[in-house]
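# Secondary and tertiary structure notes
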Amino acid sequence: MTIVVLAIVKVSVPAAPPPVLLVTSAASSQIPCLTRCLSIAMIMPAKERVISTVTMLINAAARSFPGFGTTGDNTARKREIAAFFAQTSHETTGGWPTAPDGPYAWGYCFLREQGNPGDYCTPSSQWPCAPGRKYFGRGPIQISYNYNYGPCGRAIGVDLLNNPDLVATDPVISFKSAIWFWMTPQSPKPSCHDVIIGRWQPSGADRAANRLPGFGVITNIINGGSECGHGNDNRVQDRIGFYRILPNFGVSPGDNLDCGNQRSFGN
């Protein structure tokens, strides 16, 4: 049996933001979403070192985004970290329904989008695609398309248009890309961060589209065009499954977990 507890992890940098709340484990037999794969974190051989590795990477990446995991009271912080790990565990999952220890023990398995992805290049004068480069999903949140790689790279000070594979080869940049996406609103979408901490207030148009505060809106932000607005979707249920099993660090997951009845932000 795995017992998950909370720890405060401090970052030793001048004028550091408040430390991010992360998970540690009192037993290392199974930590959902982390111990099975964790290729993103360049896993060390011993399972008990997994959490310390992720802690180091998350805190290094979070220095660029001081509001991540540090906004609000402890309940808000716990809920944000739980939601972040749930969504990124789904994005990188290697699980299947009958997998050992269940499907939710297999997050963080894949650095790159599986299959045979295309270029993911949309013509843009602001974020032009570099010759021979492909912008398919990479990293914890599987950032994709040149119009995401470009502004993400600018925000973290790395040329990702010319070097998109850094998201898959540099673990700190990998997590920075995920936290950038999480923290950055892209109109008409709010940021995942603002939704989960309760800062986002839906407009009349959002309410008419059934986009109400909750985990389901975060799914809508990430992949609503594919997964939301058509009733039950196994991908959405997988995200919810990860969120519930973490197990939210003793915090209620809240309402509106699903997005089956929400119109996507593009519609």
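Residues numbered from 1 in each chain as written. Predicted model: local features only at pLDDT ≥ 70, side-chain atom pairs only at ≥ 80, totals over all residues. Heavy atoms only, no water.

## Side note on the pattern of salt bridges
Should their charged atoms come close, side chains of opposite charge can pair. Selection rule: A carboxyl oxygen of Asp or Glu within 4 Å of a side-chain nitrogen of Lys or Arg is what we treat as a salt bridge. Helix numbering and strand numbering both begin at the N terminus, where a helix is a DSSP run of H or I of at least 4 residues and a strand a DSSP run of E of at least 2. Only protein chains enter the accessibility calculation, which uses a 1.4 Å probe; a residue is then buried when its area is under 20% of its type maximum, exposed when over 50%, and partly exposed in between.
Tallied over the entire structure, the rule returns 7 salt bridges. Notably, a salt bridge pairs arginine 239 with glutamate 91, separated by 2.7 Å at the nearest N-O pair. Placement of arginine 239 in helix H9 (residues 234-245) and of glutamate 91 in helix H2 (residues 74-91) is noted, with a sequence separation of 148 residues between them. Between aspartate 233 and arginine 235 there is a salt bridge, and its shortest N-O distance comes to 2.8 Å. Overall, aspartate 233 belongs to the buried group, its relative accessible area being 8%. In this structure arginine 235 comes out as partly exposed when scored by relative accessible area, which is 33%. What emerges from the salt-bridge pattern is a single network uniting Glu91, Glu227 and Arg239.

## Details of the nonpolar core
For soluble globular proteins, the rule of thumb is that nonpolar side chains tend to be buried together. This is how the line gets drawn: As used in this record, nonpolar core signifies buried Ala, Val, Leu, Ile, Met, Phe, Trp, Tyr and Cys residues forming a set joined through side-chain atoms within 4.5 Å. Every residue pair with non-hydrogen atoms within 4.5 Å of one another is taken to be in contact.
Among the nonpolar cores identified, the biggest contains 50 residues, and Phe68, Phe84, Ile179, Trp182, Ile218 and Tyr243 are the most heavily contacted of them. Put simply, the parts of the chain that give this core at least two residues each are helix H1 (50-62), H2, helix H3 (146-156), helix H5 (171-183), helix H6 (192-196), helix H8 (215-227) and H9. In terms of residue count, the dominant contributor to this core is H5 (8 residues). What tryptophan 182 contacts, discounting residues up to four positions off in sequence, is Phe68, Glu80, Ala83, Phe84, Gln87, Ile141, Ser191, Cys192, His193, Ile196 and Ile218.

## Comments concerning the environment of asparagine 220
Along the chain, the position of asparagine 220 falls in helix H8. Dropping the residues within four chain positions of it, asparagine 220 is found in contact with Lys189, Arg211, Cys228, Gln262, Arg263, Ser264 and Phe265.

## Description of the state of the cysteines
Note on terminology: a disulfide is the covalent bond linking the sulfur atoms of two cysteines. As a reminder, the rule being used: In this description, the term disulfide denotes a pair of cysteine sulfurs within 2.5 Å.
Applying the stated criterion across every chain, the model contains 2 disulfides. The disulfide partner of cysteine 121 is cysteine 129, and the gap between their sulfur atoms is 2.0 Å. Judged by the torsion about the S-S bond (115°), the cysteine 121/cysteine 129 disulfide is right-handed. Judged by its relative accessible area of 24%, cysteine 129 is partly exposed.

## A short note on unusual backbone geometry
Going from serine 187 to proline 188, the amide bond is cis rather than trans, its omega being 5°. Take proline 188: it is sitting in the loop between H5 and H6. A positive phi angle, close to 75°, is found at tyrosine 145, a residue other than glycine. Along the chain, the position of tyrosine 145 falls in the loop between H2 and H3.

## With respect to the UniProt feature "domain: Glycoside hydrolase family 19 catalytic" (unreviewed entry) in the chain
Short version of the rule: UniProt positions are given in the numbering used here, feature names are shortened, and annotations may be inferred rather than shown by experiment.
Per the UniProt record, the feature "domain: Glycoside hydrolase family 19 catalytic" (unreviewed entry) sits at residues 173-183. For the annotated span residues 173-183, helix accounts for 100% and strand for 0% of the residues, and the straight-line distance between the end C-alpha atoms is 15 Å.

## Some words on the environment of proline 188
Owing to a relative accessible area of 58%, proline 188 belongs among the exposed residues under this scheme. A C-alpha to C-alpha distance of 6.7 Å links proline 188 and phenylalanine 265, two positions 77 residues apart in sequence.

## Thoughts on the packing of H2 against H5
Our working rule: Only the contacting stretch of a helix is used when fitting its axis, a line to C-alpha atoms as for every element, and angles between N-to-C directions run 0 to 180 degrees. Rotating anticlockwise by less than a right angle from the far helix to the near helix defines a left-handed crossing, while the corresponding clockwise rotation defines a right-handed one.
Orientation of H2 relative to H5, taken along the N-to-C sense of each, is 120°, at an axis distance of 12 Å. Here H2 runs over H5; the crossing is right-handed. Contacts from Glu80, Ala83, Phe84 and Gln87 of H2 reach H5 at Ala178, Ile179, Trp182 and Met183.

## Structural notes on the packing of H2 against H9
Filter applied, for reference: Comment on the angle field: the value is read as roughly parallel under 35 degrees, roughly antiparallel over 145, roughly perpendicular from 65 to 115, and oblique elsewhere. Each residue is assigned to one class: nonpolar for Ala, Val, Leu, Ile, Met, Phe, Trp, Tyr, Cys and Pro, charged for Asp, Glu, Lys and Arg, and polar for all the others, Gly among them.
The N-to-C vectors of H2 and H9 enclose an angle of 135°; their axes lie 8 Å apart at closest approach. Between H2 and H9, the angle is such that the two are oblique. Crossing angle aside, the handedness with which H2 passes H9 is right-handed. Residues Arg79, Ala82, Ala83, Ala86, Gln87, Ser89, His90 and Glu91 of H2 touch H9, and the partners they reach there are Arg235, Asp238, Arg239, Phe242 and Tyr243. Here the residues of the contact of H2 with H9 sort into 5 nonpolar, 3 polar and 5 charged.

## Some points on H5
So the rule is basically this: Multiplying 1.5 Å by the helix residue count minus one yields the expected span of that helix.
The end-to-end C-alpha distance of H5 is 18 Å, a good match for the 18 Å that 13 residues give at a rise of 1.5 Å each. By the criterion of burial, H5 is predominantly enclosed, with 12 of the 13 residues buried. When we look at burial in H5, the residues that qualify are Pro171, Ile173, Ser174, Phe175, Lys176, Ser177, Ala178, Ile179, Trp180, Phe181, Trp182 and Met183.

## Things to note about the packing of aromatic side chains
Short version of the rule: A pair of aromatic rings is counted whenever rings of Phe, Tyr or Trp (Trp by its six-membered ring) have centres within 6.5 Å, and the orientation is called stacked for planes under 30 degrees apart, edge-to-face for over 60 and tilted otherwise. Over a ring means this: the NZ of a Lys or the CZ of an Arg is within 6 Å of the ring centre and within 35 degrees of the ring normal.
Under the defined criterion, the tally for this structure stands at 12 aromatic pairs. Between phenylalanine 215 and tyrosine 243, the aromatic rings sit 4.2 Å apart at their centres with planes inclined by 5°, giving stacked as the arrangement. Note that phenylalanine 215 is positioned in helix H8 and tyrosine 243 in helix H9, a separation of 28 residues in sequence. Within the aromatic cluster, the residues linked to one another by ring pairs are Phe68, Phe84, Phe85, Tyr108, Phe175 and Trp182. The aromatic ring of phenylalanine 136 is capped on one face by arginine 138, whose charged end is 3.9 Å from the ring centroid. For arginine 211, the ring lying beneath its charged end belongs to phenylalanine 265, and the centroid distance is 4.3 Å.

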